[in-house]
Amino acid sequence: MNEESGLVRELRRSLARLELALAQIADGLAITDGQGQLLWCNASFEGLIGRPRLMLLGQPLAALLRDAVDADRGLGVDGLVAARPKGGNVTTVVSREPLQVVEIHWRPVHLEQPAPYVFTFHDVSDRVSLEELRHRSQELMDQQLALAEQVHTCPVTGLPNRRGLAIAIEDALVRLDRHPGWLAVLFCDLNRFKEVNDTYGHRVGDQLLIELAQRMKEVLRPNDVLARLGGDEFVLLCSELKAAEDAVQIAERLLQVVGRPWRPEISDVPFVITPKVSVGISLCNGCGLSPDQLLHDADLAMYEAKRRPDRPVVVFDEEIARTLQWRVQIRSALEQVLRSQQLTMHYQPVVELASGRVVAYEALVRPQHADGRLVSSADFIAVAETSGLIQALGELVVNQVLQDARHSGLLERGLGLAVNFSTQQLGCSGLAKELIAAARRFGCPPALLTVEVTETALIEQPERTREELAQLRQAGFRVVLDDFGIGYSSLNWLAELPIDGLKIDRSFTATMLEDRRRHALIAAVVNLARELQLEVVAEGIESEDQRAALLAMGCSLGQGFLFAQPLSPAEALGSPTPGPLPPAAC
Ligand code: C2E
Ligand code: MG
Ligand code: MG
């Protein structure tokens, strides 16, 4: 104990000696943390700033110097450090009467991340003549301007970068106060740029970015600013627009110039790329939005544009804000479902149209939001797909459905079960294997399990999907093509696909009685299916007349609100949802 306090005493003494020594040094010394806040300084630095140390500690050094030393010549010391993070120096005037000039040096100390910095302030007033000072001052100005440019511009395209854009938006917002009109931020993202980089290399990628920057400049008006935020993101800032619609017109011109075919110069192999961008627009006419908010809204609108290939230009509005908010809520409901591994499925009966006898049930995911609202299956699945959680959800669905079936005795009754699989699920190899294993685990005969897939799955990944489906059929599962009629299946395809049946999309059923052509189409599909020995189920039957018309065409199976809505497991299968799932997922 005594020895320890002796050590502490010695340490204190040694620190005091060090402090005293540092206080004698004529140079100002300061240490900042990684964020630029003052951790320590010596007496000369206090003298330079003109305030006692206690008032300085914890303050941003840049702000202290801005007031006392460098009179903010543009970048300020924080900008200079950002531009030269490995260290540097700058000479600057502290006061003119009497003349005081200091040389500031800075170096990082690699003790921790982000690195603290040590600054020294060396008085060079007596070494600098006025003439030299003028010269140095000019040099410094040039240097700072060059650095400012580096800090505010993208090295590949020479366009302003995120910092440069932020300044430009701030300026434009200030001007908007004086000259009423519209300010538009057009957030442009190149589609599939990663593929260009991956396939042709970064040189071609950089060349494409430079080309795009040139092309985008073609639509610039005198006060507009084009910036590159990094990657394949460009932002066009248009000020002084007369109407909000002008921004959409500019975006459309942008799509045109960007979309011209392009051939890279450096490649031996002649190939042509046709670039495409998605554009999100946010608008402001003095509505008090911050630069960050404007950029953020435009970014969100751009994501919306990316989601819908048919609408490459999207203007941010309240509806998008609501949709996005709803999607965030769905995402949290989805995460909750996956965390708890608790999912309620609903079951809609498939019936024999003649007798009304139930022959099977289609399982539909029907999650509940925390506020009790039911989330639509389509929205839920879409969010699961875009957030990369569809595989995990798919596994849970299969487990839950098989568990519901086992506990309700559905399988013993010989009733079939249909489960939906989305395009992305089918794109993953191994689905067949997993499903086969899951069915075995729950004792479900494959013949009772139907896999519903949509046409898009077969069109987007034909080979892989076909292989998976063929394996499933080989194992005894049934495969049907869901929502038939709204995709792009050609007749040729229908004959070749590894399927057992098809489900006519409910949009056909809904209009078949009013629209004679739709009626004729359904009749033709039913006939065709019969010839190809495919089973047909009509979806979305809501009226007695529809049922009768379908029966008359020879369609023997159907599904729809006329018979039953999707029901809870207890209502449909006659048994409550049982307890926890078995640990091993498929
Ligand atoms: P789907 O497979 O075509 O399912 C039929 C949809 O039609 C269900 O909508 C059902 O509630 C609705 N429906 C049934 N009868 C009628 C009717 O008479 N009138 C009308 N207007 N609608 C009817 P839901 O539950 O919203 O599901 C939408 C889609 O979401 C499904 O279309 C399916 O593609 C997908 N989905 C549902 N559950 C799952 C799932 O567990 N996994 C995957 N991957 N997709 C699922
Ligand atoms: Mg379905
Ligand atoms: Mg369907």
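Before going into details, it helps to say that this report is about the structure given with it. Please read all numbers here as calculations on a predicted model, not as lab measurements.

1. A closer look at the overall build of the chain
For step 1, the next point in the chain: Assigned secondary structure in the chain consists of 23 helices and 18 strands.
For step 2, the next point in the chain: Per-residue burial over the chain gives 44% buried out of 586 residues.
For step 3, the next point in the chain: Nonlocal contacts in the chain, meaning residues at least 24 apart in sequence, comprise 60% of its contacts between residues at least 6 apart.
For step 4, the next point in the chain: Here the chain displays about 30200 Å² of accessible surface, and carbon together with sulfur accounts for 52% of that area.

2. With respect to the coordination of the magnesium ion (ligand 2)
For step 1, the next point in the chain: At 2.0 to 2.2 Å from the magnesium ion (ligand 2) lie its protein donor atoms, namely Glu 362 (OE), Asn 420 (OD1), Glu 452 (OE) and Asp 482 (OD).
For step 2, the next point in the chain: In this model, the magnesium ion (ligand 2) sits 4.0 Å from the magnesium ion (ligand 3), the two metals being bridged by Asp 482. In this pair, Glu 452 sits in strand 14 (residues 449-454) while Asp 482 sits in strand 15 (residues 478-484), placing the two residues 30 residues apart along the sequence. Asp 482 carries the same exposure label as Glu 452, and that label is buried.

3. Remarks on the packing of aromatic side chains
For step 1, the next point in the chain: Throughout the structure, instances matching the rule amount to three aromatic pairs.
For step 2, the next point in the chain: Both rings, one in Phe 45 and one in Phe 121, keep their centres 5.1 Å apart while their planes meet at 50 degrees; by these two values the pair is tilted. Here the residue Phe 45 occupies a position in helix 2 (residues 43-49), and Phe 121 occupies one in strand 5 (residues 117-123), the gap between them amounting to 76 residues. Taken as a pair, Phe 45 and Phe 121 share a single burial class, namely buried.

4. Points about the coordination of the magnesium ion (ligand 3)
For step 1, the next point in the chain: Within the protein, the atoms that donate to the magnesium ion (ligand 3) are Asp 482 (OD), Asp 483 (OD), Glu 539 (OE) and Glu 539 (OE), at distances of 1.9 to 2.6 Å.
For step 2, the next point in the chain: Counting the intervening residues between successive donors of the magnesium ion (ligand 3) yields the motif D-D-x55-E.

5. Details of the packing of helix 12 (residues 318-340) against helix 14 (residues 390-408)
For step 1, the next point in the chain: Contact geometry of helix 12 with helix 14 gives a least axis separation of 10 Å together with a crossing angle of 55 degrees. Here helix 12 is positioned oblique relative to helix 14, judged by the angle of their axes. Here helix 12 runs over helix 14; the crossing is left-handed. In this structure, helix 12 contributes Leu 334, Val 337 and Leu 338 to the contact, and helix 14 contributes Ala 392, Leu 393 and Leu 396.
For step 2, the next point in the chain: When the residues that make up the contact of helix 12 with helix 14 are grouped by side-chain class, the tally is six nonpolar, no polar and no charged.

6. Some words on helix 22 (residues 544-553)
For step 1, the next point in the chain: When helix 22 is considered as a whole, its buried residues turn out to be Gln 546, Arg 547, Ala 549, Leu 550 and Met 553. On an axial view of helix 22, the arc spanned by its buried residues comes to 165 degrees, and they lie on one face. The exposed set on the far side of helix 22, more than 90 degrees from its buried face, consists of Asp 545 and Ala 552.
For step 2, the next point in the chain: Looking at the buried side of helix 22, the elements it contacts are helix 20 (506-511), helix 21 (516-531) and strand 17 (535-538).
For step 3, the next point in the chain: Gly 554 sits one or two positions beyond helix 22 and adopts a positive phi of about 100 degrees.

7. Some points on helix 21
For step 1, the next point in the chain: Under the 1.5 Å per step criterion, the end-to-end length of helix 21 is 23 Å for 16 residues, consistent within 8% with the ideal 22 Å.
For step 2, the next point in the chain: Those residues of helix 21 lying buried are Ile 522, Val 525, Val 526 and Ala 529. Seen from one end, helix 21 has its buried residues packed into an arc of 100 degrees, which puts them on one side. Facing away from the buried side of helix 21 by over 90 degrees, the exposed positions are Arg 516, Arg 517 and Glu 531.
For step 3, the next point in the chain: Packing partners of the buried residues in helix 21 comprise strand 15, strand 16 (501-504), helix 20, strand 17 and helix 22.

8. Considering the site of ligand 1
For step 1, the next point in the chain: Arg 366, Ser 377, Asp 482, Arg 506 and Glu 542 are the nearest of the 25 residues found near ligand 1.
For step 2, the next point in the chain: The side chain of Asp 482 places a nitrogen or oxygen atom 2.8 Å from an oxygen atom of ligand 1.
For step 3, the next point in the chain: Glu 542 places a polar side-chain atom, nitrogen or oxygen, 2.5 Å from a nitrogen atom of ligand 1.
For step 4, the next point in the chain: Going through the elements one at a time, strand 11 (345-352), strand 12 (358-365), helix 13 (377-386), strand 13 (416-421) and strand 15 are the ones with two or more residues in the shell around ligand 1.
For step 5, the next point in the chain: Partitioned by chemical class, the residues of the shell around ligand 1 number ten nonpolar, seven polar and eight charged.

9. Some words on the pattern of salt bridges
For step 1, the next point in the chain: Here the structure, examined in full by the defined rule, presents 17 salt bridges.
For step 2, the next point in the chain: Arg 327 serves as the salt-bridge partner of Glu 304, at 3.0 Å between the closest nitrogen and oxygen. With a gap of 23 residues between them, Glu 304 in helix 11 (residues 291-307) and Arg 327 in helix 12 connect regions that are remote in the sequence. Comparing Glu 304 with Arg 327 shows no difference in burial state: the two are buried.
For step 3, the next point in the chain: Residue Arg 473 is joined to Asp 500 by a salt bridge in which the shortest nitrogen-to-oxygen separation is 3.0 Å. A residue pair is termed long-range when its members are at least 10 positions apart, and Arg 473 in helix 18 (residues 462-474) and Asp 500 in the loop between helix 19 (491-496) and strand 16 qualify at 27 residues.
For step 4, the next point in the chain: Look at Arg 473 and you get partly exposed, because its relative accessible area is 33%.
For step 5, the next point in the chain: Overlapping salt bridges, with partners in common, bring together Glu 10, Arg 13 and Arg 17 in one network.

Calculation criteria
Residues numbered from 1 in each chain as written. Chains lettered and ligands numbered in written order. Predicted model: local features only at pLDDT ≥ 70, side-chain atom pairs only at ≥ 80, totals over all residues. Heavy atoms only, no water. Helix = DSSP H or I, 4+ residues; strand = E, 2+ residues; numbered from the N terminus. Buried < 20%, exposed > 50% of the residue type's maximum accessible area, 1.4 Å probe, protein only. Contact = heavy atoms within 4.5 Å. Areas by Shrake-Rupley, 256 points an atom, 1.4 Å probe, with all protein chains shown as cover. Donors = N, O, S within 2.8 Å, 3.2 Å for Na, K, Ca; no water. Phe/Tyr/Trp six-rings, centres within 6.5 Å; stacked < 30°, edge-to-face > 60°. Axes fitted to C-alpha atoms, helices over the stretch in contact; angles between N-to-C directions. Parallel < 35°, antiparallel > 145°, perpendicular 65-115°, else oblique. Left-handed = near helix turned anticlockwise from the far one by under 90°. Nonpolar A, V, L, I, M, F, W, Y, C, P; charged D, E, K, R; others polar. Arc of directions from axis to C-beta. Expected span 1.5 Å × (residues − 1). Near = heavy atom within 4 Å. Polar contact = N/O pair within 3.5 Å; in protein donor to acceptor, adjacent residues only side chain to side chain. Salt bridge = Lys/Arg side-chain N within 4 Å of Asp/Glu carboxyl O.

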